[in-house]
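Each chain, written out:
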Amino acid sequence: MEAPLCGRRVTLAALKARPELNGLKAEVLSFDESSGRYTVRLQGSGEQLAVRAANLRAAGGGAASGSFAPGERVTIKGLTAKAELNGHSGTVTEWHEESGRYAVQVDNVVKPLLLRGDNLKLVKAEGWAPAWRTPEGQAAIDQALHEHVQQEWEKTKNSFGGMFGG
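Residues numbered from 1 in each chain as written. Predicted model: local features only at pLDDT ≥ 70, side-chain atom pairs only at ≥ 80, totals over all residues. Heavy atoms only, no water.

A few words now on the nonpolar core. Counting residues in hydrophobic clusters, the biggest one holds 14 residues, and the most contacted among them are Leu12, Val40 and Leu56. At the level of elements, strand E1 (9-12), strand E2 (25-32), strand E3 (37-42) and strand E4 (48-52) are the ones that each hand at least two residues to this core. Counting residues in each nonpolar core, the second largest holds 12 residues, with Phe68, Ile76, Tyr102 and Leu120 among its members. (Core = buried A, V, L, I, M, F, W, Y, C linked by side-chain atoms within 4.5 Å. Buried < 20%, exposed > 50% of the residue type's maximum accessible area, 1.4 Å probe, protein only. Helix = DSSP H or I, 4+ residues; strand = E, 2+ residues; numbered from the N terminus.)

Between side chains of opposite charge, a pair can form as their charged atoms come close. For the structure shown, the criterion picks out 6 salt bridges. One salt bridge in this structure joins Glu20 and Arg18, with 3.4 Å as the shortest N-O distance. Of the charged contacts, one joins Arg73 and Asp107 as a salt bridge, the two residues approaching to 2.8 Å between their closest N and O atoms. With Arg73 in strand E6 (residues 73-76) and Asp107 in the loop between strand E8 (101-106) and strand E9 (113-115), this residue pair connects regions lying 34 residues apart in the sequence. Of the residues examined, Arg73 reaches a relative accessible area of 13% and is grouped as buried. Accessibility expressed as a relative area gives 29% for Asp107, which makes it partly exposed. Connected through salt bridges with shared partners, the residues Arg18, Glu20 and Glu47 form a single ionic network. (Salt bridge = Lys/Arg side-chain N within 4 Å of Asp/Glu carboxyl O.)

Turning to the sheet that holds strand E7 (residues 89-96), a few remarks are in order. An order of E9-E8-E7-E6-E10 is seen for the 5 strands of this open sheet, with the pairing classed as antiparallel. The open sheet terminates on both sides in strands that have one partner only, identified here as E9 and strand E10 (120-122). Strand after strand, the sheet turns through a mean of 50° between neighbouring axes, direction not considered. In terms of strand pairing, E6 meets E7 through 3 bridges, oriented antiparallel. Note that in E7 the partner of Arg73 across the bridge is Thr91. (Pairing = 2+ DSSP bridges. Axes fitted to C-alpha atoms, helices over the stretch in contact; angles between N-to-C directions.)

We now examine the packing of aromatic side chains. This structure, assessed with the given rule, holds 1 aromatic pair. Ring geometry for Phe31 and Tyr38: centres 4.8 Å apart, planes at 55°, overall tilted. Note on accessibility: Phe31 and Tyr38 belong to one class, buried. (Phe/Tyr/Trp six-rings, centres within 6.5 Å; stacked < 30°, edge-to-face > 60°.)

Here you go:
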């Protein structure tokens, strides 16, 4: 039997024996043909369960939406508007349902970006080690932060006008 869900992120659904698990995210590890069940690892707890295919839903419809979890490391790919970001890594911070995109805190970039799931590739944990910020990247962050603080200061200063003699 084919096991199309292996390696995918899924959501547990319609479990009767353990209904408290319905809605939880998991990663499909393997398929056991003899039992007809998938082995999944729950996100967060790491608990492994044997679950029938009927109780699994591809998370958010597959790689285009809902298959990355907050905290996961990703690499950006396939951008055309900001092609210079392709190959950069970041961390998923949240899923934006209204835009159908992920908020990704890209390394050495001040503000998170909203990106489609098909422009992200999961970085496997076993092959990933945190990279320290480069001096150039840190300088860019420091500059952007300085500019942001200056802009906010000017807005605040201007909004009070001459109230304080300034």
